[in-house]
Structures are given as C-alpha cells and as structure tokens.
Amino acid sequence: MKKITTLLCLFLCLGLSAQGLDLNQPLPVNTKYKKGVLPNGMTYYIYNTDVTKGVASYYIIQNVGSILENDNQQGLAHFLEHMAFNGTKNFEGKGILNTLQKHGAVFGRDINAYTSFDETVYNMDNIPTKDGLIDTCLLVLHDWSNYLLLTDEEIDAERGVIKEEWRTRQNGRMRILQQSLPIMFNNSKYSKRLPIGLMNIVENFEYKALRDFYHDWYRTDLQAIAIVGDINVDEIEQKLKDKFSKIPAVKNPKERFYVEIPGNKEMLYNIAMDEEVSTANISFSINHPKKIKEQTIGDLKTSLLRNIATSMVSTRLGEIQQQPDAPFLAARVRFAEKAKLNNDLSIDITPKPGKQQEAFKTVMNEVNRALKFGFTDGEIDRIKKQYANYYENAISKVDDTPHGQLINAIKADYLSKQTITPIAEEYKIVQAIFSSVTKEDFNNTLKALYSKENRTLSVTGVKGKNNLTKEEGLVIINASENNSELTAYTDKFSGKTLISDVNITVGSVVSEEENKETGATIFTLSNGVKVYYKFADKNKNDVKLVATSYGGTSLLATEDLPSANIMGNIVQMSGLGDFSATELPKVLAGKTANTSINLSDLTESISGSSTTKDVETMLQMVYLRFEKPRFDEDAYKVLQGNITNYLARKSKDINSKMQDSVTVTLYGNNNPKVRLMDKAYMEDVTFNKMKAVYLDRFKNAADFTFFVVGDVKKDALKPLLAKYIASISANTTKENYKVDPKVWTSNAIDKDIFLKMEDEKGSVRVGYKNEMKYSLKNAILASALGDILQLRVTETVREAEGGAYSPRAGASFSKRPISEGSISVGFDCNPDKVDDLLKIVHVEIKKIANGEINQTDLDKTLTNFIKERKESKDYNSYDMSLLQNYVLEGYNMNNPKNFENIISAITTKDIQKFTKTLLKGAKTYEIAFKPKQQ
C-alpha cells in the first residue's frame with residue numbers, strides 16, 4: 001500500500017470529521033512559492049504569475065529597522081534607506097533611478113522603499129522582463145544587499161531631504177503621537193525609535209555612525225529576496241544562486257535582538273494635547289506577549305476566533321454609532337500586532353465633543369455585554385457566511401492575486417514565520433474549524449483577550465475641555481465590568497432579502513446589436529435605457545457597472561449646492577430600500593455586491609461591483625437606487641454630529657487652514673459656487689433639500705448610459721437586465737450640463753499668507769491655466785509635460801537644493817465644461833527657502849517653454865505611457881474604459897492612431913510648443929505660506 005502523505009491524511013480527516021483536526025500539526029505550505037536559503041544565509045522567494053503580463057516585481061526584505069539603532073544613530077535606519085538610491089557599486093549617483101526610469105518605471109510609485117521599527121523593504125514593481133531588465137533588477141538587489149557606496153557628498157546632500165520629510169510629516173497628530181509613545185510602548189526602546197529619528201542627529205551625525213549601522217545590520221542572514229511576476233522560476237533561481245551566493249556572510253555577526261514591551265500590573269495612563277488638535281480620541285489597550293514561531297492549525301484557529309470575536313463587537317459598536325444619541329462618532333475593537341513580540345487588544349473611540357466619559361462608558365459596557373453574554377446565533381451565522389464568501393472569492397481569483405498581496409505574504413513568512421498556505425487548503429481547514437466551534441469558543445476567546453493586566457489608557461485631549469482622567473477611566477472600567485444591569489444583545493434582524501417586499505414590473509430587452517470595434521453588445525431596454533455590455537474575464541469573478549448621465553450640480557439652483565455637495569453622505573448612511581445602514585450588511589451577508597452614487601459638477605452616476613454569482617444582487621441594488629432610495633432622518637442627525645466634529649477638527653489643523661486659504665485666495669470670500677465648508681455652509685444644508693436633489697438627479701434611468709463589464713456571460717446577464725434595469729421608471733427627457741466655470745478672483749494672483757504654526761514650515765502652490773483646443777494629442781502632451789516637470793522639480797527642488805521632500809508637479813487637460821490646459825506645482829519646504837524655491841519652479845517651467853527639454857526626460861515619460869497602457873490591458877478595467885471612451889468621448893482606445901501613434905510621434909518641440917501656448921496669456925497663481933512670527 002502506498003504511503004499516504006501528511007497533507008492527504010489531513011484532508012481525509014477533514015472529510016470525515018472536524019474533530020480529527022490535529023491542532024499541533026503545521027499548516028500546509030504553498031509550494032508554488034519557490035523558497036530557499038543560500039549558503040551565506042540569504043533567503044529567497046520566487047513566484048510565477050502572469051496577472052500582469054511581461055513584468056515582474058523585485059523586493060529585498062531586510063529584517064532590520066530603527067529598533068536596532070544605537071542612541072547616536074536615531075534616524076539612521078531610515079537615512080540608510082534613502083542612501084540606497086544615492087549610489088551603489090554598479091549604479092553611481094542616481095544610477096538606479098535613471099536606469100529604471102528609461103524603461104518606464106516611476107520613482108515613488110514603481111521604485112520605492114520604507115523603514116519601520118523592525119523592517120526595511122525596497123521595491124521595484126512592474127518592471128518589464130525584456131531588454132535584459134531581469135538581470136538589471138537582480139543587480140540592483142545585489143547592490144542593495146551589500147554594496148552601497150555611502151559617499152560623504154551623497155550623505156551630506158541627503159540630510160536636507162530627510163529634514164524636509166520630517167518637516168512635512170510634523171503636525172498636531174504627529175506631536176500627539178510623540179507625546180503618547182512612552183506609555184504606548186511602556187517606556188521600552190520602541191518609544192525612542194520612531195523611524196524618522198531625531199533631527200539633531202540627522203543633521204550632524206558623523207559618517208561613521210551610518211556606515212557602522214550599515215555594516216552591522218545589512219547582511220545576508222537578515223535579508224530575503226522576493227521576485228514575483230511573469231518569469232521562469234527555475235531560471236531566476238539559478239541566477240540568484242549564481243549572483244547572490246558570492247555575497248560574503250558577515251563573520252561574528254551581532255545578534256539580531258528583539259524588544260518586548262514589558263507588562264504592567266497597574267493600568268498605564270497618558271493624556272496628550274496640542275494647539276493644532278481640537279478633537280478627542282480614546283484608546284484602551286491590553287498588551288499580549290507573543291512568540292515568533294512556525295504556525296500550526298491551532299494558531300490559525302486561534303487567529304480566526306480572535307478576528308471574528310473582535311469583529312462582532314465592532315459591528316455592535318457600529319450599530320450604536322448610527323444612532324443619533326450615540327456619544328461617540330466611531331468606535332472599534334481589534335486584535336493586531338503592536339510590535340515584533342507583542343499583540344494588542346485595542347478599543348479605539350472617537351467621542352463626540354464634550355462626551356469623552358459617556359463615550360468610554362458606552363463602549364466599555366458594550367464590550368462587557370459581549371464578555372458576559374457572548375454572541376447570538378445570528379451574528380455567528382452571518383460572519384461565517386462572510387468568511388466563506390471571502391474564501392470562495394479568493395479561491396476563484398487566486399490567479400489574479402496582485403504582486404503586492406503576494407509580496408505581503410512573503411514578508412509575513414520571512415519576518416514573522418506566518419506560513420503561506422494555499423488558499424483552497426486553508427479554506428478546508430477553516431470549514432472544519434467552523435463546524436466544530438461553539439458560541440462558547442467565541443466568548444472564551446474574547447474573555448482571554450480581555451485580561452486584567454497590561455492595560456493602557458491613552459487619551460488625546462482638548463485644551464480647556466473635560467478630558468477623561470485616569471481616575472475616571474478606572475471607575476468606568478470597574479463599573480462596566482461589574483454592571484449588573486447589562487442585558488444580552490438582541491439581534492432584531494428579520495432575515496428578509498433585499499427585495500422581499502418590493503413589487504417589480506419586469507421589462508424586456510427590445511433589441512440587441514454587436515459592436516465589432518469594441519466587442520460590445522448594445523442592449524436597448526423597454527424603458528429606453530441603453531446598456532453597453534462586454535464580457536471580460538482577465539480578472540476572474542469580477543463584474544463592474546457604471547451608469548452615468550450629464551447634468552450634475554450645474555443644473556441646480558445656487559442655494560441647493562451645499563445640500564447637493566453633502567448629499568452623497570446621507571445616501572450612504574441611510575441604507576437602501578427597506579433596510580437601514582445597520583440592517584443592510586446583514587441582508588448582504590455572504591454576498592459580494594455594492595453600489596455607490598456620485599454627483600459632480602457635470603454628471604450624476606451610479607457605480608457597482610460584484611462577483612459573478614452576485615450580479616443579480618448588484619442589479620437589485622441599482623434598481624433600488626432609482627426606485628426605492630432611502631433617506632433616514634436619524635442618519636441625518638448622525639451626519640450633523642460627524643460634520644460638527646469635522647469642523648472642530650479642521651478649525652485648528654494647519655493643513656486645513658492652508659487649503660481654505662487657497663480656496664479663498666482663488667475664488668474669494670463670497671463666491672456662491674465655491675464656498676468653504678464652515679458653520680454658515682452647514683446652516684444652508686437641509687435634509688429635505690438633499691432628498692429633493694437626489695430625486696431630481698436620479699429620476700430618469702433613460703437619461704443614463706449603462707455599462708456592464710466583467711466575468712458574466714451574456715445569456716446570464718440579459719434576463720437580469722430585463723428584470724431589474726428595464727423595470728426602472730424612465731422617460732424620453734435628455735439633459736446636458738450647463739457651462740458655468742468657476743472663475744478666479746484675478747488673472748494673476750500672487751500672495752504670501754502668514755499663519756501661526758507649532759512647527760514652522762513653508763508651503764507653496766503654483767498654477768497656470770489657459771483655454772486651448774481639446775484633442776487627444778493635447779491631452780497626452782499635457783500629461784507628458786506634467787511628468788517631465790515632475791522629473792525636473794524633483795531633481796532641482798529636492799535633490800539639488802534639499803528644499804522639499806516630496807514636491808508635486810503635474811499638468812492636465814480638461815475637456816469640459818471648457819477646454820483648458822493647466823499646470824500645478826506644490827510642496828512643503830524649509831520656510832527660509834520659499835522664495836528661492838519658487839523662483840526655481842518658474843525657471844523650470846520657462847525652460848520647457850523655451851525648448852530646454854532633456855530628451856531622456858521625454859523618453860522616460862513616453863516609455864512609461866506605453867508601459868502603463870500595455871499593462872492596463874491585462875485588467876477588466878481597461879475594457880470598461882474602452883466602452884466609456886467609445887460611447888461618451890467618441891474614440892476607440894484600441895486604435896493605435898488614438899494613442900500609440902501619437903506617443904511615437906511626440907518630440908521635444910511638441911512639448912515646447914504646447915507649453916508655450918499654455919503659458920501665453922495664461923491665468924496664474926502663486927501662493928506662499930510662511931510662519932507668522934510670534
């Protein structure tokens with residue numbers, strides 16, 4: 001008799017009885033991931049997928065982060081990450097970026113890195129696998145592993161960039177975090193190792209400190225190479241062995257230590273406040289030590305029960321949140337990793353103004369209600385359906401798993417020993433777990449998480465308000481835990497379906513024709529609606545719907561605009577049909593279908609998405625959006641509270657002040673079409689107006705053009721269209737938008753604005769716009785100009801001057817309501833350099849208009865356009881764009897004359913001419929924010 005494998009034995013057991021599960025057995029490993037370890041200790045992962053054809057993504061995962069820094073190195077783990085892009089053995093200076101950008105990769109999106117407490121990860125995403133680029137990317141990874149140059153000159157040049165990154169990130173919330181760290185991490189080393197570091201060290205460290213960190217920690221036994229994409233696994237593995245095995249292992253390496261957050265008997269408490277923070281937050285957490293170890297089936301069961309138990313409590317809190325008299329705006333419970341050796345049960349609350357104590361009491365009562373009485377059969381049944389739906393969808397789309405998701409699984413496996421299990425096999429184990437667990441298991445899980453020790457209460461307070469104190473917190477916790485008046489949660493869900501009580505008069509499909517250019521079928525329905533449909537299964541089990549109509553807010557009276565602009569919120573918060581926002585998720589449990597509405601200046605639209613099996617549910621929801629929308633007055637009261645809190649938050653937030661100042665500078669204080677969202681604005685919003693606006697804009701389905709694209713067969717879709725779309729009320733009226741553009745206060749705006757700031761920074765906004773004739777070529781030229789300008793501004797403002805961390809530059813072309821080209825530039829910066837950096841921006845724009853354009857910059861840009869278009873064709877979304885552009889814009893994306901031919905013919909002279917035309921007589925603004933001197 002042949003030997004039965006462990007895995008087969010496992011599933012035979014699963015098939016017979018859930019009780020046959022051996023919880024101590026390791027989780028099965030997904031062998032599609034090729035994993036190995038080189039003699040020097042370096043780990044590698046290789047995974048073949050053609051989710052995007054002809055490209056691969058390359059990562060180096062360093063088991064190294066800021067927690068390993070010495071006191072004189074705070075910030076240098078992050079600094080070192082920057083230096084990996086500033087010179088390596090085989091790519092001097094900006095050689096890595098220049099090499100990959102020539103092949104269409106974009107810095108910040110395709111090429112990037114991040115540093116955290118315990119890891120540093122570098123990535124090159126979606127790099128073409130042709131032209132020798134596989135070897136190039138392997139060489140980059142090779143250099144990132146062990147061959148950074150770290151020259152004095154490049155180190156000094158990067159100090160300013162890092163200082164500006166720190167400056168950009170500094171705000172009230174960041175200062176609150178910094179005040180909270182000692183209690184959050186119980187004064188462990190984590191509390192002193194924010195990756196951005198200390199600026200006095202960043203600006204002044206000796207070169208040796210950085211090089212010491214590099215040589216101590218960037219080493220093969222702490223590194224993993226991960227390559228996923230359209231590749232030959234065996235070929236890549238051999239290349240890795242040949243190239244990376246030669247990297248020497250460090251002799252007598254330092255121990256890669258891990259830091260555990262210590263426990264505490266008495267509850268720790270912290271309150272943090274800041275001049276720029278005007279809304280409160282409460283976080284009650286319980287620290288749980290954990291081990292980094294190989295995972296077992298028992299670990300999966302424990303994780304599953306923890307996630308479900310905390311999710312059910314959060315759902316209950318969400319139901320309370322949607323009640324007008326709720327003392328909090330948001331609350332949730334979750335269990336997640338806090339540090340390498342610690343997990344956290346966290347209860348996070350956003351209280352309404354003046355209700356910190358009441359909010360904390362309400363949430364703690366709800367947590368203790370669950371602890372005391374457990375969960376209902378209905379709650380457990382629904383969440384099991386949700387998990388089953390998740391797994392079934394994931395299994396059906398396993399070949400469409402994006403690179404980023406694959407890499408995340410690899411990172412978890414390498415850094416935390418979280419086994420990568422085949423999703424179908426994991427689902428079988430989960431089904432077996434579900435068949436054996438009881439309500440008591442979920443209740444006991446929550447009780448185990450809610451321990452009496454290792455507690456922390458952290459409050460973000462508001463100066464001058466009645467903030468939650470430690471003593472009050474302890475009293476509330478004790479009272480909730482001993483509250484004899486608590487009663488069991490009542491699940492009032494009736495079990496009805498989405499359209500249980502809806503009478504639908506079924507329509508019909510009156511004609512059907514094929515469009516050979518796009519491969520679409522055009523259905524004309526009995527109510528006059530046209531539906532453009534295309535089958536697409538590039539993404540399996542995925543269906544999208546868009547219904548759009550011209551008109552938008554341009555057809556509304558000025559006094560209705562505030563209500564119109566807020567309307568989408570009340571529609572989302574009200575639920576749909578007969579069901580409130582609390583009931584709707586219960587109705588849809590086990591289904592994957594959703595719809596949303598959008599009202600813009602020129603259009604109104606409904607968007608939807610679903611899996612193949614739930615297309616009918618999606619169409620039912622579309623039907624209800626037209627025929628039975630829901631407007632809940634209680635939801636409106638909740639919305640009012642949310643907005644009141646939002647207005648309080650933005651009243652002191654420096655970035656909100658800047659944005660409001662830009663709006664007023666451009667459009668004035670009394671422009672009825674462009675108003676600030678403030679108290680006066682909200683006084684003009686009414687429930688009845690929002691309802692009236694919706695009913696006006698979404699009253700005639702035949703004025704909408706419908707598009708359905710995805711993995712649903714025509715014969716399955718056709719009767720559903722007849723039942724749910726052809727039955728929607730409609731008439732023959734067709735609308736268009738009104739041309740009423742928003743006008744600036746002046747054609748040449750130049751203004752300095754001085755604001756009080758806790759952490760001083762400068763911030764600039766530059767813009768040009770001009771009416772020009774629209775064409776596809778002009779739209780592409782505008783995009784190319786924007787990308788070229790981004791390259792130039794990055795090189796000058798960031799790299800040469802060290803004046804800004806992330807300068808943003810772009811150009812675009814709008815077709816409606818008027819044909820117009822525009823340029824914009826913006827960034828935060830050193831306040832002492834504002835005027836000089838503004839001059840540089842204008843000089844760079846003028847250089848382009850004068851024809852001083854680097855051919856390499858143009859080549860990088862156009863190559864990126866071709867690369868992105870090619871990659872986009874591997875996704876269903878391309879076919880949706882194809883149909884919408886063909887029907888609404890009148891051109892065929894598949895025809896090379898509308899894209900590829902334009903790209904191949906663009907020269908630097910075209911860019912120069914376009915820029916020169918845009919600048920001639922352009923309307924302009926230059927707005928500079930500077931700190932107000934105290």
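Just so it is clear, the model here is predicted, and its values are computed rather than measured. (Residues numbered from 1 in each chain as written. Predicted model: local features only at pLDDT ≥ 70, side-chain atom pairs only at ≥ 80, totals over all residues. Heavy atoms only, no water.)

Undergrad: How do you make sense of the confidence of the model for the protein when you look at a structure like this?
TA: If pLDDT is low for a region, its predicted coordinates should not be looked at in detail. Looking at the protein, the pLDDT average stands at 96 and 98% of residues meet or exceed 70. In this model, residues 1–18 is a region of pLDDT below 50 whose contacts with residues beyond four sequence positions or in other chains number 19 contacts. (pLDDT = per-residue confidence, 0-100. Contact = heavy atoms within 4.5 Å.)

Undergrad: Explanation requested: a positive patch on the surface in the structure shown.
TA: Together, Lys-465, Lys-652, Lys-657, Lys-756 and Lys-932 make up a region of like positive charge exposed at the surface. With respect to the helices, strands and loops of the structure, Lys-932 is situated in the segment after strand 23 (923–931). (Patch = residues over 30% accessible without salt bridge, like charges linked within 9 Å, V, L, I, M, F, W, Y side chains within 5 Å. Areas by Shrake-Rupley, 256 points an atom, 1.4 Å probe, with all protein chains shown as cover. Salt bridge = Lys/Arg side-chain N within 4 Å of Asp/Glu carboxyl O. Lys, Arg positive; Asp, Glu negative; His and termini not counted. Charge placed at Lys NZ, Arg CZ, Asp CG, Glu CD. Helix = DSSP H or I, 4+ residues; strand = E, 2+ residues; numbered from the N terminus.)

Undergrad: Please clarify how a negative patch on the surface should be interpreted in this entry.
TA: The grouping of Asp-325, Glu-358, Glu-633 and Asp-634 at the surface amounts to a negative patch. Its place among the elements puts Asp-325 in the loop between helix 10 (297–321) and strand 9 (328–339). Owing to a relative accessible area of 56%, Asp-325 belongs among the exposed residues under this scheme. (Buried < 20%, exposed > 50% of the residue type's maximum accessible area, 1.4 Å probe, protein only.)

Undergrad: Explain the pairing of strand 9 here, please?
TA: A regular strand places its side chains so that they alternate between the two faces of the sheet. Pairing of strand 9 with strand 10 (residues 342–351) involves ten bridges; the strand directions are antiparallel. Pairing of Ala-339 across the sheet is with Asn-342, part of strand 10. Hairpin connection of strand 9 to strand 10: two residues between the antiparallel strands. (Pairing = 2+ DSSP bridges.)

Undergrad: Would you explain the sheet that holds strand 8 (residues 281–289) in this entry?
TA: Each strand in a sheet pairs with another by means of backbone hydrogen bonds, the pair being arranged parallel or else antiparallel. Strands sit in the order 7-11-8-10-9 across an open sheet of five strands; the sheet is mixed. Each of the sheet's edge strands pairs with one partner strand only, and the pair in question is strand 7 (268–272) and strand 9. Across this sheet, the average inter-strand angle for adjacent strands is 15°, counted without regard to direction. Relative to strand 11 (residues 455–460), strand 8 runs antiparallel, the two being bridged by six bridges. Bridge assignment links Ile-286 to a residue of strand 11, and that residue is Arg-455. (Axes fitted to C-alpha atoms, helices over the stretch in contact; angles between N-to-C directions.)

Undergrad: What is the right way to read the packing of aromatic side chains from this model?
TA: The geometry of an aromatic ring pair is captured by the separation of the ring centres together with the interplanar angle, meaning the angle of the planes. Tallied over the entire structure, the rule returns 28 aromatic pairs. Between the aromatic rings of Tyr-636 and Phe-687, the centroid separation amounts to 5.6 Å while the plane-to-plane angle is 50°, which identifies the pairing as tilted. With a gap of 51 residues between them, Tyr-636 in helix 20 (residues 633–652) and Phe-687 in helix 23 (residues 687–697) connect regions that are remote in the sequence. We note that Tyr-636, like Phe-687, is buried. Ring centres of Tyr-694 and Phe-698 lie 4.6 Å apart, and the angle between their planes is 20°; this geometry places the pair in the stacked category. Three or more aromatic residues joined by ring pairs form one cluster here, namely Phe-85, Phe-107, Tyr-122, Trp-144, Tyr-214 and Tyr-218. One residue, Arg-159, lies across the ring of Phe-205, its end atom 4.3 Å from the ring centre. Stacked on the ring of Phe-899, the Lys or Arg Arg-869 has its end atom at 3.9 Å from the ring centre. (Phe/Tyr/Trp six-rings, centres within 6.5 Å; stacked < 30°, edge-to-face > 60°. Lys NZ or Arg CZ within 6 Å of the ring centre and 35° of its normal.)

Undergrad: Can you help me understand the side chain of Asn-40 in this one?
TA: Following the sequence through the fold, Asn-40 ends up in the loop between strand 1 (34–37) and strand 2 (43–48). The exposure class assigned to Asn-40 is buried, which follows from its relative accessible area of 8%. Each residue touching Asn-40, except ones within four places of it in the same chain, is listed here: Thr-220, Asp-221, Phe-244, Ser-245, Ile-247 and Ala-249.

Undergrad: Is there a simple way to think about the side chain of Glu-119 in this case?
TA: Here Glu-119 lies in the loop between strand 4 (111–115) and strand 5 (120–128). In this structure Glu-119 is buried but unpaired, with Lys-411 as the nearest side chain of opposite charge at 4.5 Å. Discounting chain neighbours no more than four positions away, the residues touching Glu-119 are Gln-62, Val-64, Gly-65, Tyr-114, Lys-411 and Leu-415.

Undergrad: Which parts of the structure should I look at to understand the sheet that holds strand 5?
TA: Taken together, the six strands give an open sheet; going across it, the order is 1-2-6-3-5-4, and neighbouring strands pair in mixed fashion. Two strands lie at the open edges of the sheet, namely strand 1 and strand 4, each paired on one side alone. Across the sheet, the mean angle from the axis of one strand to that of its neighbour is 10°, orientation sign disregarded. As paired elements, strand 3 (residues 55–62) and strand 5 share seven bridges and run antiparallel to each other. Paired with Ile-60 across the bridge in strand 5 is Tyr-122.

Undergrad: Is there a simple way to think about the pattern of salt bridges in this case?
TA: For side chains of opposite charge, pairing can occur when their charged atoms come near one another. Counted according to the given criterion, the structure contains 71 salt bridges. In this structure, Asp-537 engages Lys-540 in a salt bridge whose closest nitrogen and oxygen atoms are separated by 3.2 Å. Residue Asp-537 is classed as partly exposed on the basis of its relative accessible area, which comes to 30%. Via salt bridges that share partners, Lys-94, Glu-154, Glu-158, Arg-798 and Glu-799 belong to a single interconnected network.

Undergrad: Please clarify how the environment of Met-618 should be interpreted in this entry.
TA: Inspection of the secondary structure puts Met-618 in helix 19 (residues 615–627). Take Met-618: its relative accessible area is 0%, and that puts it in the buried class. Residues Met-618 and Leu-545 lie 73 residues apart in sequence; the distance between their C-alpha atoms is 8.6 Å. Excluding residues within four positions of it along the chain, Met-618 makes contact with Val-543, Leu-545, Ala-593, Asn-594, Thr-595, Gly-608, Ser-609 and Ser-610.

Undergrad: So what exactly am I meant to see when it comes to the pairing of strand 20 (residues 762–771) here?
TA: Counting buried residues in strand 20 gives nine out of ten residues, a clear majority hidden from the surface. With ten bridges connecting them, strand 20 and strand 22 (residues 820–829) associate as antiparallel partners. Across the sheet, the residue bridging to Lys-769 is Ser-822, located in strand 22. Here strand 20 pairs with strand 23 via seven bridges, running antiparallel. Each residue of the ladder has a partner; that of Tyr-768, found in strand 23, is Thr-924.

Undergrad: Would you mind going over unusual backbone geometry with me for this structure?
TA: Glycine aside, negative phi is the norm for most residues, and most peptide bonds take the trans geometry. A cis geometry characterises the amide bond from Arg-816 onward to Pro-817, with omega recorded as 0°. Checked against the element boundaries, Pro-817 lands in the loop between strand 21 (808–814) and strand 22. Phi at Asn-126 takes a positive value of approximately 50°, unusual for a residue other than glycine. Judged by relative accessible area, which is 22%, Asn-126 ranks as partly exposed.

Undergrad: Help me out: how do you make sense of the packing of helix 25 (residues 776–800) against helix 27 (residues 855–872) in this one?
TA: The packing of two helices is summarised by the inter-axis angle and the distance between the axes. Two numbers describe how helix 25 lies on helix 27: the axes approach to 9 Å, and their chain directions differ by 125°. Relative to helix 27, the element helix 25 lies oblique. Handedness of the helix 25/helix 27 crossing: right-handed. Side by side, helix 25 and helix 27 meet where Ile-780, Ser-783, Ala-784, Asp-787, Ile-788, Leu-791 and Arg-792 of the first sit next to Asp-857, Leu-858, Lys-860, Thr-861, Leu-862, Asn-864 and Phe-865 of the second. (Parallel < 35°, antiparallel > 145°, perpendicular 65-115°, else oblique. Left-handed = near helix turned anticlockwise from the far one by under 90°.)

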